[in-house]
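Coordinate analysis (summary)
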Amino acid sequence: MGARLLCLCLLTALLGYFIYSPLPPELAQPGTVMLLSAAIRALGRLSEAAELLGLMNYMEGLRLITTVELVAPTSDENVTVTDTELSGVPVRLYLPRRPGGLRRAVLFFHGGGWCLGDAGMHGYDLMSRRISNELNAVVVSVNYRLAPPHRFPAQFEDVYLVTKFFLQSEVLAQYGVDPARVCVAGDSAGGNLAAAVAQQLPEDPEVKTKLKAQVLIYPALQALDLDLPSYRDNAHKPLLPRSLMVRFWSEYLSAEPALRAAMAANRHAPPEAAPLLPRVNWSRWLPAPMRGRHAYEGPALAGAGLARRVPGLLDPRASPLLAAEARLRRLPPAFVLTCEHDVLRDDGAMYAARLRAAGVPVTHRHAPDAFHGAMTFLAWPLELAVGHRLFNTCVQWLKENL
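Predicted, not measured: the structure shown is a model, and the values here were computed from it.

Calculation notes
- Residues numbered from 1 in each chain as written.
- Predicted model: local features only at pLDDT ≥ 70, side-chain atom pairs only at ≥ 80, totals over all residues.
- Heavy atoms only, no water.
- Helix = DSSP H or I, 4+ residues; strand = E, 2+ residues; numbered from the N terminus.
- Buried < 20%, exposed > 50% of the residue type's maximum accessible area, 1.4 Å probe, protein only.
- Salt bridge = Lys/Arg side-chain N within 4 Å of Asp/Glu carboxyl O.
- Pairing = 2+ DSSP bridges.
- Axes fitted to C-alpha atoms, helices over the stretch in contact; angles between N-to-C directions.
- Contact = heavy atoms within 4.5 Å.

A short note on unusual backbone geometry
Here the bond from F152 into P153 is cis, since omega is 10 degrees, no more than 30 degrees from zero. You can see P153 is positioned in the loop between β4 (137–142) and α6 (154–166). Of note, the bond from W380 into P381 is cis; its omega dihedral lies within 30 degrees of zero at 5 degrees. Counting through the fold element by element, P381 comes out in the loop between β9 (378–379) and β10 (382–383). The phi dihedral of S87 is positive, around 55 degrees, even though this residue is not glycine. Within the secondary structure, S87 is located in the loop between β1 (79–86) and β2 (89–96). Even without a glycine there, the phi angle at N136 is positive, about 50 degrees. By relative accessible area, N136 is classed as buried at 13%.

See the structure below:
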């Protein structure tokens, strides 16, 4: 009896350890968020163990999240949904059934740290379906290649290839899209890709159609300084702790194991990064409330040779915040969403400030009670009121600006 009771106590303590995590009082629906965070942490620990045993890469274990969330492409009375390919890249296509004239179009890139995620996940499927129906828009949700095994620039190349193909006049005409009402959008790593695509298109002489807008939802925009105030304040917050974001960046940019350790210590910026550091200097670009009482130090420069081994560190296609002001001036109006309890908060806020300084119209919405990934939780059993609020804010902006 005593042994059984001891086992029960140990199991209860272990369960409590995984479920309980201190959350700020202003965070919306903390009980639900705590359970979500516990499930992801538990899967993370299992993935770590599997990697240590040589069974699989850590990210392969985390992809169970993607697998259990996948839904089939199911049409309804408002939207026709199909899985297809555009220019050889898999996409999920949403075509509104509503009759009428030319439609809007949204090219959407899902999040997941360039390593996880799928256009067919329930949350993304629901978001794309609602955008298509509520905006009478064609939505192209892109299933780009993931790391590992595919590193930068494979993810960027896939989404850029789809976007460039879709913007051809004959393709737009095929889907009944108004060439003057097309935008790119994405969340997290997808926001990174959307920003990078928006920057690259004006540089491409083969692209004649201009984007009307860009929608960046808690985007990851730079990897040079991983010790921003938001990384310090939210290092252990759900659902994206600093350690996981470091792992995402390192997996995306390189297979070199030493890079992850250097990033964790914020000692990975190569000497060639020195001229670029003012573009990510948070003491200049962050509003005072986000700077708080933190003192700016800047990342320590790493040894020579890293830039050659990991060229993505200095490439604006991987880190759009590194782009020169001249490149930013050519961008379309932007909607940027940031969440207070998110390591990526400062990336989005700094980008909004730099876009404004370059003369780009920017709408920056900051959610003081939200965390990273909140917008995707739109349906039972993972439904959050804050997710609906953020999604509705985004859709309303698109209705008015696309």
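The discussion continues.
Regarding the pattern of salt bridges
Considering all chains together, one arrives at 21 salt bridges under this definition. Across the pair R92 and D83 runs a salt bridge, and its minimum N-O distance is 2.7 Å. You can call D83 partly exposed: its relative accessible area is 46%. A salt bridge links D204 to K164; the shortest N-O distance between them is 3.0 Å. With D204 in the loop between α8 (189–200) and β6 (213–217) and K164 in helix α6, the pair connects residues that are 40 residues apart, well separated along the chain.

Observations concerning the sheet that holds strand β3 (residues 103–109)
Note on sheets: strands pair through backbone hydrogen bonds, and any given pair is parallel or antiparallel. Spatially, eight strands are ordered β1-β2-β4-β3-β5-β6-β7-β8 in an open sheet, and the strand pairing comes out mixed. Whereas interior strands pair on both sides, the edge strands pair on one side only; in this sheet they are β1 and β8 (362–371). Averaged over neighbouring strand pairs, the angle between their axes works out to 20 degrees when direction is ignored. Pairing geometry for strand β7 (residues 334–341) and β8, over seven bridges, is parallel. Residue pairing in the sheet places C339 in a bridge with A367 of β8. On the sheet, α8 packs against β3, β5 (177–187) and β6 and is oriented at approximately 140 degrees with respect to β5.

So far we have only geometry, and geometry alone does not tell us how the molecule works.
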